[in-house]
Each structure stands twice: as structure tokens, then as C-alpha cells.
Amino acid sequence: MATLKDVARLAGVSVKTVSNVVNGYSFVKPDNRRRVEEALEATGYRPNLGARNLRRGRTGFIALVLPELSIPYFAELAGLVIAAAQEHEWNVLIEQTFGTLAGERSALASLGPHLVDAAILSPEALQVDDFQLSVPTVLLGEHAVDVPISRVGIDNVAAAQTAVRHLVSLGRTRIAAIGAHPHRGTAALRLEGYRAALAEASLPFSPELVVPALNYHRADGAAAMKSLLDMKTPPDAVFCFNDLLAIGAMRTAAERSVRVPEDLAVVGFDNNEESAYSAPSLTSVAPDKAAIARAAVDLLHRRVDAPDGALENVETPFSLLVRESTVVR
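Quantities reported herein were computed from a predicted structural model and do not represent experimental measurements. (Residues numbered from 1 in each chain as written. Predicted model: local features only at pLDDT ≥ 70, side-chain atom pairs only at ≥ 80, totals over all residues. Heavy atoms only, no water.)

Some points on unusual backbone geometry
Test applied: Going along the chain from the N terminus, every DSSP run of H or I of four or more residues is numbered as a helix, and every run of E of two or more is numbered as a strand. Relative accessibility decides the category of a residue: with a 1.4 Å probe and only protein chains considered, values under 20% of the type maximum give buried, values over 50% give exposed, and everything between is partly exposed.
The step from Val260 to Pro261 runs through a cis peptide bond, and the omega angle for that step is 15°. Here the bond from Ala279 into Pro280 is cis, since omega is 0°, no more than 30 degrees from zero. You can see Pro280 is positioned in the loop between strand S9 (265–269) and strand S10 (283–287). Phi at Glu89 is positive, roughly 60°, even though this residue is not glycine. By the secondary structure assignment, Glu89 is in the loop between helix H5 (72–86) and strand S2 (91–96). On the basis of relative accessible area, Glu89 is assigned to the partly exposed category, the value being 39%.

Examining a nonpolar patch on the surface
The line we're drawing: Like-charged residues are merged into a patch within 9 Å and nonpolar side chains (Val, Leu, Ile, Met, Phe, Trp, Tyr) within 5 Å, provided each residue has over 30% relative accessible area and no salt bridge. Areas reported here follow the Shrake-Rupley algorithm with a probe of radius 1.4 Å; residue values treat only the protein chains shown as occluding. In the sections that follow, a salt bridge refers to a side-chain nitrogen of Lys or Arg positioned within 4 Å of a carboxyl oxygen of Asp or Glu.
On the surface, Leu69, Ile82 and Ile94 cluster together into a nonpolar patch covering about 200 Å² of accessible area. By the element assignment, Ile82 lies in helix H5.

Brief notes about the nonpolar core
To be explicit about the condition: Here, nonpolar core means buried Ala, Val, Leu, Ile, Met, Phe, Trp, Tyr and Cys residues that are tied together by side-chain atoms lying within 4.5 Å of each other. Those domain boundaries reflect an automatic or database domain assignment. In this analysis, two residues are considered to be in contact whenever any of their non-hydrogen atoms come within 4.5 Å of each other.
Ranked by size, the top nonpolar core spans 71 residues in total, and within it Ile120, Leu140, Ile178, Tyr194, Val238, Phe239 and Val266 carry the most contacts. In terms of residues, this core owes the most to one element, helix H11 (residues 289–305), which gives eight residues. Here this core spans two domains, since at least three of its residues come from each of domain 2 (59–154 + 289–318) and domain 3 (156–286). Beyond its immediate chain neighbours, meaning those up to four positions away, Tyr194 contacts Ala160, Val164, Ile175, Ala176, Ala177, Phe205, Leu209, Val210 and Phe239. Leu126, Phe131, Leu139 and Ile149 belong to the second largest nonpolar core, which has 14 residues in total.

Remarks on the sheet that holds strand S12 (residues 318–321)
Backbone hydrogen bonds are what pair the strands of a sheet, in a parallel or an antiparallel way. Spelled out, the test is: Following DSSP output, two strands are said to pair if at least two bridges run between them. What counts as an axis is a line fitted to C-alpha atoms, over the stretch in contact for a helix, and the angles between N-to-C directions run from 0 to 180 degrees.
Spatial ordering of the open sheet is given by S7-S6-S8-S9-S10-S12, a layout of six strands whose pairing is mixed. If you trace the sheet from one side to the other, it starts and ends with strand S7 (210–212) and S12, each paired once. Strand-to-strand twist across the sheet, computed as the mean angle between neighbouring axes with direction ignored, equals 15°. Across four bridges, the pairing between S10 and S12 is antiparallel. Note on S12: the bridge partner recorded for Ser284 is Leu321. Across the sheet, helix H8 (residues 185–200) is in contact with strand S6 (175–180), S7, strand S8 (237–240) and S9; its angle to S6 comes to roughly 170°.

So, the domain arrangement of the protein
The assigned domain composition of the protein is domain 1 (4–47), domain 2 (59–154 + 289–318) and domain 3 (156–286). Here the C-alpha centre of domain 3 lies 58 Å away from the C-alpha centre of domain 1.

Quick word on the packing of helix H7 (residues 156–169) against H8
Operational definition: Orientation categories follow fixed angle ranges, with anything under 35 degrees roughly parallel, anything over 145 roughly antiparallel, 65 to 115 roughly perpendicular, and all other angles oblique. Take the far helix as your reference; a near helix turned counterclockwise from it by less than a right angle gives a left-handed crossing, and one turned clockwise gives a right-handed crossing. When residues are grouped by polarity, Ala, Val, Leu, Ile, Met, Phe, Trp, Tyr, Cys and Pro land in nonpolar, Asp, Glu, Lys and Arg in charged, and all others, Gly among them, in polar.
Contact geometry of H7 with H8 gives a least axis separation of 7 Å together with a crossing angle of 45°. As far as their axial angle goes, H8 and H7 are oblique. Between H7 and H8 lies a crossing of right-handed hand. Side by side, H7 and H8 meet where Asn156, Val157, Ala160, Gln161, Val164 and Arg165 of the first sit next to Thr186, Leu189, Arg190, Glu192, Gly193, Tyr194, Ala196, Ala197, Leu198 and Glu200 of the second. Across the contact of H7 with H8, the residue classes tally to eight nonpolar, four polar and four charged.

With respect to the sheet that holds strand S4 (residues 137–140)
Spatially, S2-S1-S3-S4-S5-S11 is the arrangement adopted by the six strands of the open sheet, whose pairing is parallel. Looking at the sheet topology across the chains shown, the edges are occupied by S2 and strand S11 (313–315). Each strand axis lies, on average, 20° off the axis of its neighbour in the sheet, ignoring direction. Judged from the three bridges that link them, strand S3 (residues 118–121) and S4 form a sheet pairing that is parallel. Bridge assignment links Leu121 to a residue of S4, and that residue is Leu139.

A few points about the packing of helix H1 (residues 4–11) against helix H2 (residues 15–22)
With their axes 8 Å apart at the nearest point, H1 and H2 run at an angle of 105° to one another. The pairing of H1 with H2 is recorded here as roughly perpendicular in orientation. Note on element contacts: H2 touches H1 through Val15, Val18, Ser19 and Val22, opposite Leu4, Lys5, Val7 and Ala8. Of the residues that constitute the contact of H1 with H2, the class distribution is six nonpolar, one polar and one charged.

Below, the structure is given as C-alpha cells:
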């Protein structure tokens, strides 16, 4: 493996000059920089990130704590966070909590400066007193607990309103919701947006049309849809709090010979890859996941460089992608 001395010898410069180029310092003469970069390419030199981090007092790792990687939204987001972290020469350690209080507390307790430089958390069950943090931290999404920690996420209330307004615009008047959950802050906010859109359209809120989901899997959406279709007056539209719930709901509709979208319009949330290829394809709220990942990692980098800096709440964009599950072709 080539060393700084090998590169310096080939470039005809000092080891210090090579080090300055490798570390991105700007005060190197252009001719020297060119010669060093050519020597780096010729020797195949790769910096020892472990030694560099040791000198900086850093580990070179950040933690990404997520509820469940089997949910496509979190799996896709994890890949995007890894890509964004690489731009800051960070590796990512991923912890899966399954959204339980015990799992989230255990993950939080394991995070320390001996292991990671910082952490990105997507909690579902943690309470205010649980947030005893030993490293700079950024939260993903909106949550029921109010803690002084920087956050990145979309406006879930506005996103849910947008989804339900779309259903209202199609002339649907009996609109159900699948995904209410007592401990998920995002679920409460999406329910708030659902209710706001109904009120805006002068449609009554009917509690029996709101079906909870303990988990956000396809089976939960299928079971919820069965209970809705068993009603004396079934809904003519349903807003699901994630895409997996929506795809499960559409499966039940197909089994009951309920046509989507003619008899039942369906909207999901998250815009997972599967939503574009389901049959029919799924109309879905699409958070800008790449923007969420970049903003979270960039914000985390600022927190590491300035731990006492001002808290930041970064709101990222979303859109509604209209597909076959709501529009009759």
C-alpha cells in the first residue's frame, strides 16, 4: 500500500504538501496540487481514515436508528442516508427497533462517543424523559413528543390534507382512513390532516371509518379493508397511512370484487417503488426521501462541528403522485 512518502517522492514535494492536498486544504500552489494529484492517481494511494479520525477524536461512524427495515420506506431511506453520509466520509451503523419502547431505549443506550460520532433517530415510542443523548442527534419526522432536538421531515398534516382533498375532488363523500395508531406521532398528524380535509369539504367525520393498524404491513391493510367492506354502507374511498396498508386494502377489494378505482378510490403514503407497479398502480403521497436523507446528514454534520449551535427544524417537500387507484382511465 502506497504511503504519503511514496506520493511525495513521486511528485517531488514534501510530505506536508501531500497531506495538505489529501485533506483538502486550499493554500497549495496549483502546480504542486496538480503534481500531487497525478502522483496519488499513479500510486493508488488511499488515506487511512481510521488514523485520520483518531487524530480528529472521531470514530468515522454515525448511527441510523429506524423502526423496521422490512417497511420499504425505511429501507429506501437507509440507502439514501448511507449515500449522503459517504460524502462526509462517514460509515453508517443501522439499528432496528421495531418501533417498541424497549427497542428504542436499548438502541439509545448503546449510542456513545466511543462508538459513533452522531445519530439519526426515527422514534415511535420514546417519551420526553427517554431522550438522554450522549452524541449529537437529529430526529426524522414529526413526533408527538416535544424535545429540543433538531428535526428533518415533511408536513404530515398538509400531506394528508392533500391526499384527502384529491379524493374529495373526485366526488367521493364517504372517505375512510386506515392506520390510526396510539403511539405513532406521524399517525396522529396524518389523522389530523384527514379530519381537516373532511371539515374543509363540509363532510362529516365518522369515527367508524377510521380503522387502526397495529403494524403498517400489507396484512394489516387487508384486514382493515375487510372490516370497512363489511359495513352496511362501505366507503367509496380510503386514505391509507402508508403504501403497504393501501396495497393490502386493494387486495381485499379485489377479492370482494370491489373495483378500484370505480367503486373504491385508494390513496397511499410514502411512494414506495412497489406503488408504481401494483395493479392498479397506487396514487401515493411522495415525500422527497433523497432530500430528507441529505438534509438529515448535513444537519448532523453541522451539529457535530457546532454541538451548541441553534436547533434547526428542516421541512422537506412532498408531492401527490396520481395513478390508477384513484383515476378511471
